[in-house]
Amino acid sequence: MKKSILGFFLIFSAIVFSCQEPINGLEEAAIIPLPSSIQAGSGAFELSSSSRIQLIGSSKNLSDLGEFLVSKLKPATGYDLKVGTEEGDIQLVINGNDDSETYSLDVEKSKVTISASSEAGIFYGIQTLVQILPVQIESSTVVEESWRIPVGKIEDKPDYSYRGSMLDVARHFFEVEDVKHYIDQMAKLKLNYLHLHLTDDQGWRIEIKSWPNLTSIGAKTEVGGGEGGYYTQDQYKEIVDYAAKNYITIVPEIDMPGHTNAALASYGELNPGVNLPDGDFGTMKEGKIDFDILDKNPQPAELYTGIEVGFSTLATNKDITYQFIEDVIREISEITPGPYFHIGGDESHVTEKDDYIYFVEKVQEITAKYGKISIGWDEIATTKLAKGNVAQFWALEENAKLAKDQGNQILMSPAKRAYLDMQYDSTSRLGLHWAAYIELDSAYMWDPATYADGISKADILGVEAPLWTETIKSRADIEYMVFPRLAAIAEIAWTPTPKREWTDFQRRIAVQGKRWDMNGIQFYKSPKVNW
Ligand code: ACM
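One numbering rule holds for all chains: residues counted from 1, following each sequence as written. With the structure being a predicted model, the display of local features is reserved for residues of pLDDT at least 70 and the display and counting of side-chain atom pairs for 80 or more, all residues being used for whole-chain, interface and lining totals. Working from all heavy atoms in the structure, the side-chain values ignore hydrogens and water.

Quick look at the overall build of the chain
And then number 1: Helix numbering and strand numbering both begin at the N terminus, where a helix is a DSSP run of H or I of at least 4 residues and a strand a DSSP run of E of at least 2. Within the chain, the secondary structure is distributed over 17 helices and 19 strands.
And then number 2: Taken over C-alpha atoms, the radius of gyration is set against a globule rule of 2.2 Å times the number of residues to the power 0.38. Its C-alpha atoms give the chain a radius of gyration of 26 Å, within 12% of the compact-globule value 24 Å for 531 residues.
And then number 3: C-alpha extents for the chain along the principal axes are approximately 95 × 60 × 45 Å.
And then number 4: Going through the 531 residues of the chain one by one, you find that 58% of them count as buried.
And then number 5: Within the chain, contacts between residues separated by at least 24 positions form 73% of all contacts whose residues are at least 6 apart in sequence.
And then number 6: Looking at the chain as shown, the accessible area adds up to about 21,600 Å², and 51% of this sits on carbon and sulfur atoms.
And then number 7: Positive residues here are Lys and Arg, negative ones are Asp and Glu, while His and the chain termini are left out of the count. To locate a charge, take atom NZ for lysine, CZ for arginine, CG for aspartate or CD for glutamate. Across the chain, the 50 positively charged side chains and the 78 negatively charged ones have centroids separated by 5 Å. Summary of the burial criterion: residues with accessible area below 20% of their type's maximum are buried, those above 50% are exposed, and those between are partly exposed, where the area comes from a 1.4 Å probe applied to protein chains only. Contacts are residue-level and defined by heavy atoms, with any inter-residue pair within 4.5 Å sufficient. Residue-level accessible areas treat just the shown protein chains as cover; the underlying method is Shrake-Rupley with a 1.4 Å probe.

Shown next as C-alpha cells:
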C-alpha cells in the first residue's frame, strides 16, 4: 500500500473510531428501551480498576447482581472489580421489597448509584449502565478505552408489566444453548417473559414422563424432515433457571386442541373419529356398529413435516384426552415457577365449534387446578374465559373485544406488527408474509393501546413478539429475523407511547447495531437506519 493511501486509512479509521468515542453527555446516550426520564449533568464518572461495587440493603440475590455487573464489565475493561458491603464507588441499593421494576441510576463524578425496591429493578439499572458506557464495553477482549459514564440521573419504569417474546421450538427445534443466547439478548432489552411454543403439528419438544411416546415418536422430526429433538425435563429446568437469573419468566405453551399432529402421531387413542381399514365395517354390537369401541382405538396419525396449519385436532369427547392433558399440565406446571400456562387454542379449524368451547373451558379448569393462569391465542375468547385468564391477540380484533367484554386482559401480538417471522420486504431471504411485510419502522410505529378497536390500555396485560420458525433453522436465522425488530417491540412495551419517536429510535438503534456487531449478532441491516 502506498504511504499516502495508508495515511488516508489511518486518518479515516481515526475518524470512524472517534464516532465511537464516549458520549459527552447523558442526552447523547442510546438507551433502548428509552427510559422515562433522563436528566443530563456535566462531567463524568470514570470507571477504573480500583472501582468497587458496594451492596447496600439486603436481598437474596444482591451479591449475584453485583457479580453480574462485574461479568458485564470485565471482558472489555479487564477490571476484576470487588463486590461487597465495604465502601465502593458503584453502589447497588435495594431499598424495599416488592415486585416493582422501577429503578433509578444516579451518576455523579465520584460515584454511581443504582437504586430499586426489587432485584429486577437493580438488574434493569445494570443493563442501562452498560448502555451508557462506550460501545466497546461489548468487546469480549480487553480494549484500551476511557470508561467514562456521563453525569446525570435516570428514573425509569416499564409501561407494561408483561414484555415478552415467543420462540417456536416446535417447527424447528433449537438447542438449550440457543435458547440461552436468546434469553441473553432479551434481558438487555428489559423483556421479562419468554413464551416457549413447545408443541405443534411437526414436533413435541418437552419430555412428559407419563406419556413417553410424545418424545420417542413425536419429537423425531421437524419442518423439512430434519431430526427434531426435545428438552428433557432437566433441560427445561435449566432454561427456566437461566431465564430467572435474567429476570425472565418462562411461559410454556402446549398448543391444543389443534396444532397437535405430533401428539396424535404418538398416541392413536388421542385421535378423534372412526379409523377403519378400507372394507372393514367394524365390530357389531346388537346389530349396530359399536362406535364406542371403534372410537377408543383409532390409528396414530403420520408424522408431519410440512407447514400447513389447521388440519389436526385432539378428540374432545374422550376421557383419555383429558387424562392426557392433565398429566401434561401437571408435569410441566411442577417445573414451571411462573404464573402462566399457555394452552394455545389457535386455528382449530377441524374441531367443531361446540367441541372447541367444551374443550377450552375444561382445559382452563385443569390449568387452574395446577395453580396456573391460562393464556390462549385470541380464539379462546369465543369460549367462557375463567377470571384472570388472558387472550393473546394476534388476528381478530373481535376476539380481543370478546375477552375484554368478559373482563379478561389481552396480550398484544398483532401479526401485522409484532410477528417476527414476517419478512421485512419482498426480498427478505427468510420468513413468510401472510400477515404483512414488517420493516423496522412498521414494527416500531404502533401503539398497543389504540391498535385494536374497543381495546384500551387498561385492558392490556402487555406486548409480546412471537417468532414462528417454519423457515427459521439456525441461530443466525433467528438473529436475522429478530434483530432489530425485537428492540422496537421492547421499546413499545417499556416506554410510554408519547415519549417514543421514530427519528430518535433510528439514532439509538444505529448505536445498538454497533453493540450487536461486537456481540457477533447477525442482525438485519434495515435500510431505514444509517448504521
Ligand atoms: C398463530 O399465529 N397461529 C397464533
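So, helix α17 (residues 502-518)
And then number 1: Taking 1.5 Å of rise per residue, 17 residues should cover 24 Å, and α17 covers 24 Å from first to last C-alpha, within 8% of that figure.
And then number 2: Listed as buried for α17 are W502, F505, R508, I509, A510, Q512, G513, R515 and W516.
And then number 3: Those residues of α17 that are buried are in contact with α3 (119-132), α13 (440-444) and α16 (485-494).
And then number 4: G520 sits one or two positions beyond α17 and adopts a positive phi of about 75 degrees. Expected helix span is computed as 1.5 Å times (number of residues minus one).

A closer look at the confidence of the model for the chain
And then number 1: On average, the chain scores 93 in pLDDT, and the residues at 70 or more come to 91%.
And then number 2: A residue's pLDDT is simply how confident the predictor is in it, with values from 0 to 100. Within the model, pLDDT remains below 50 along residues 10-19, and this stretch shows two contacts once partners closer than five positions in the same chain are excluded.

Overview of the sheet that holds strand β15 (residues 340-344)
And then number 1: Whether two strands pair depends on DSSP finding at least two bridges between them. Strand order in the closed barrel formed by eight strands is β8-β9-β12-β15-β16-β17-β18-β19, and the pairing between neighbours is parallel. Each neighbouring strand pair of the sheet contributes to a mean axis angle of 30 degrees, computed without reference to strand direction.
And then number 2: The pairing of β15 with strand β16 (residues 373-377) spans three bridges and is classified as parallel. Residue F341 lies in a different strand from β16, and its bridge partner there is S374.
And then number 3: To get an axis, fit a line to the C-alpha atoms, keeping to the stretch in contact for a helix; angles then go from 0 to 180 degrees between the N-to-C directions. Against the sheet, helix α4 (residues 176-188) makes contact with β8 (162-168) and β9 (193-197), and its axis sits at roughly 150 degrees relative to β9, the strand it touches most.

Some thoughts on the sheet that holds strand β1 (residues 37-46)
And then number 1: With respect to topology, seven strands assemble into an open sheet ordered β1-β7-β5-β6-β4-β2-β3, the strand pairing being mixed. Of all strands in the sheet, those bounded by a partner on one side alone are β1 and β3 (82-84). Between one strand axis and the next, the sheet turns through 20 degrees on average, direction left out of account.
And then number 2: With five bridges connecting them, strand β5 (residues 103-107) and strand β6 (residues 112-116) associate as antiparallel partners. Residue pairing in the sheet places V107 in a bridge with V112 of β6.
And then number 3: Those strands touched by α3 are β4 (90-94), β5, β6 and β7 (148-156), and its axis lies near 40 degrees from that of β5.

Focus on the packing of aromatic side chains
And then number 1: Only the six-membered ring of Trp is used, alongside the rings of Phe and Tyr, when aromatic pairs are assigned; centres must lie within 6.5 Å, and planes under 30 degrees apart are stacked while those over 60 apart are edge-to-face, with the rest tilted. The final tally for this structure, using the stated rule, is 30 aromatic pairs.
And then number 2: Taken together, a centroid distance of 4.9 Å and an interplanar angle of 35 degrees make the contact between F68 and F123 tilted. Placement of F68 in helix α2 (residues 62-77) and of F123 in helix α3 is noted, with a sequence separation of 55 residues between them. We note that F68, like F123, is buried.
And then number 3: In this scheme, Lys NZ or Arg CZ marks a charge over a ring once it lies within 6 Å of the ring centre and within 35 degrees of the ring normal. Over the face of the ring belonging to Y480 we find R429, whose NZ or CZ atom lies 4.1 Å from the ring centre.
And then number 4: Between R500 and the ring centre of Y444, over which it is positioned, the NZ or CZ distance is 5.0 Å.

Examining the side chain of Q202
And then number 1: Structurally, Q202 can be placed in the loop between β10 (199-200) and β11 (203-204).
And then number 2: Under the relative-accessibility criterion, Q202 is labelled buried at 2%.
And then number 3: Pairing of N or O atoms within 3.5 Å defines a polar contact, subject to two protein rules: one partner must be a possible hydrogen donor and the other a possible acceptor, and residues neighboring in sequence count only if both atoms are side-chain atoms. In terms of polar contacts, Q202 uses its side chain to reach the backbone carbonyl oxygen of G306, at 2.8 Å.

Some thoughts on the environment of S49
And then number 1: If you trace the backbone, S49 turns up in the loop between β1 and β2 (52-56).
And then number 2: Using a relative accessible area of 56% as the deciding quantity, one classes S49 as exposed.
And then number 3: Separated by 29 residues in the primary sequence, S49 and G78 have C-alpha atoms spaced 8.0 Å apart.

Concerning the pattern of salt bridges
And then number 1: Note on definitions: salt bridges are taken to be side-chain nitrogens of Lys or Arg within 4 Å of carboxyl oxygens of Asp or Glu. Per the counting criterion, the structure on display carries 24 salt bridges.
And then number 2: E207 is paired through a salt bridge with K209; the nearest N and O atoms lie 3.7 Å apart.
And then number 3: Judged by relative accessible area, K209 falls into the exposed class, the value being 53%.
And then number 4: Connected through shared salt-bridge partners, D168, R171, D200 and E470 make up one network.

Here's the deal with the pairing of β8
And then number 1: Counting buried positions along β8 gives seven out of seven residues, so the element sits mostly inside the fold.
And then number 2: Alternating positions in β8 separate into two faces, Y162, G164, M166 and D168 on one and R163, S165 and L167 on the other, with burial throughout.
And then number 3: In this structure, β8 lies alongside strand β19 (residues 460-467), joined through six bridges in parallel fashion. Paired with G164 across the bridge in β19 is E464.
And then number 4: Taken together, β8, α4 and β9 constitute a β-α-β crossover, and its handedness is right-handed. Look down the strands so they point away from you; if the path from the first strand over the helix to the second goes clockwise, the crossover is right-handed.

Things to note about the nonpolar core
And then number 1: Within the largest apolar cluster, 148 residues are counted, with the highest numbers of intra-cluster contacts made by L92, L194, W204, F324, I325 and L486.
And then number 2: Setting aside its immediate chain neighbours within four residues, I325 contacts M256, L314, F359, V363 and I366. Among the buried residues, those of types Ala, Val, Leu, Ile, Met, Phe, Trp, Tyr and Cys that are joined through side-chain atoms within 4.5 Å form a nonpolar core.

Concerning the packing of α4 against helix α6 (residues 233-245)
How two helices sit against one another is set out by the angle between their axes and by the gap between those axes.
And then number 1: For the pair α4 and α6, interaxial distance at closest approach is 10 Å and the crossing angle is 15 degrees. The angle between α4 and α6 falls in the class roughly parallel. Relative to α6, the crossing made by α4 is right-handed. Of α6, the residues touching α4 (which contributes V176, E177, V179, K180, I183 and D184) are Q235, E238, I239, Y242 and A243.
And then number 2: All residues other than Ala, Val, Leu, Ile, Met, Phe, Trp, Tyr, Cys, Pro, Asp, Glu, Lys and Arg, Gly among them, are scored as polar; the first ten of these are nonpolar and the last four charged. Across the contact of α4 with α6, the residue classes break down as six nonpolar, one polar and four charged. Note on angle classes: values under 35 degrees are labelled roughly parallel, values over 145 roughly antiparallel, values of 65 to 115 roughly perpendicular, and the remainder oblique. Here a crossing is called left-handed whenever its near helix is offset anticlockwise from the far helix by less than a right angle, and right-handed whenever the offset is clockwise.

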